[in-house]
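Observations on the three-dimensional arrangement
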Amino acid sequence: ERDLWVAVLARAALDALKDPPVCHRKTSASASAYTNYFHYNRDQAVHFLTQGGKHFNEVCQMAGRNPTYIKEKVIKLLYELRYKLFFKVRWKKS
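One structure accompanies this document, and this report is about it. (Residues numbered from 1 in each chain as written. Predicted model: local features only at pLDDT ≥ 70, side-chain atom pairs only at ≥ 80, totals over all residues. Heavy atoms only, no water.)

1. Re the nonpolar core
As a reminder, the rule being used: By nonpolar core we mean a set of buried residues, namely Ala, Val, Leu, Ile, Met, Phe, Trp, Tyr and Cys, connected to one another through side-chain atoms within 4.5 Å. Burial classes follow relative accessibility: with a 1.4 Å probe on protein chains only, a residue under 20% of its type's maximum area counts as buried, one over 50% as exposed, and anything between as partly exposed. Contacts between residues were defined by any pair of non-hydrogen atoms, one from each residue, lying within 4.5 Å.
One finds L9, F48, L49, F56 and I70 to be the most contacted residues of the largest nonpolar core, which totals 15 residues. Setting aside residues no more than four positions away along its own chain, L9 makes contact with F48, L49, F56, V59, C60, A63 and R65.

2. Examining the packing of helix 1 (residues 2–17) against helix 3 (residues 53–63)
Short version of the rule: Orientation is described by lines fitted to C-alpha atoms, with helices fitted over the stretch in contact, and by angles between N-to-C directions that extend from 0 to 180 degrees. Strands here are runs of E lasting at least two residues and helices are runs of H or I lasting at least four, both read from the DSSP assignment and numbered beginning at the N terminus. Should an angle fall under 35 degrees it is called roughly parallel, over 145 degrees roughly antiparallel, and 65 to 115 degrees roughly perpendicular, with every other angle called oblique. For a crossing to be left-handed, the near helix must be turned anticlockwise from the far one by less than a right angle; the clockwise case is right-handed. Gly is put with the polar residues, along with every residue not named as nonpolar or charged; the nonpolar set is Ala, Val, Leu, Ile, Met, Phe, Trp, Tyr, Cys and Pro, and the charged set is Asp, Glu, Lys and Arg.
Contact geometry of helix 1 with helix 3 gives a least axis separation of 7 Å together with a crossing angle of 135°. The angle between helix 1 and helix 3 places the two elements in the oblique class. For helix 1 against helix 3, the interelement crossing comes out left-handed. Facing R2, W5, V6, V8 and L9 of helix 1, the residues of helix 3 in contact are F56, V59, C60, M62 and A63. A class-by-class count of the residues in the contact of helix 1 with helix 3 yields 9 nonpolar, no polar and 1 charged.

Structural data, given as structure tokens:
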């Protein structure tokens, strides 16, 4: 059972940190809906991992993980990811 809850945390971390997938939709409306769906899921995962409260703490407890440690690591990774993305975009514009 513990492995299941570890997988829940891992899935949330992947959803929070991954880049959007390449969309091969034929119409811009379906591509836009697909992108919005991706961003919604990513935002929900980020909220769960950084602001999750009671539910997050329960999942961490069932997974045998320290919620404070998980939050600190996720926040650090999100910061590094956004920092690198910021400079990547600025570098391309220069």
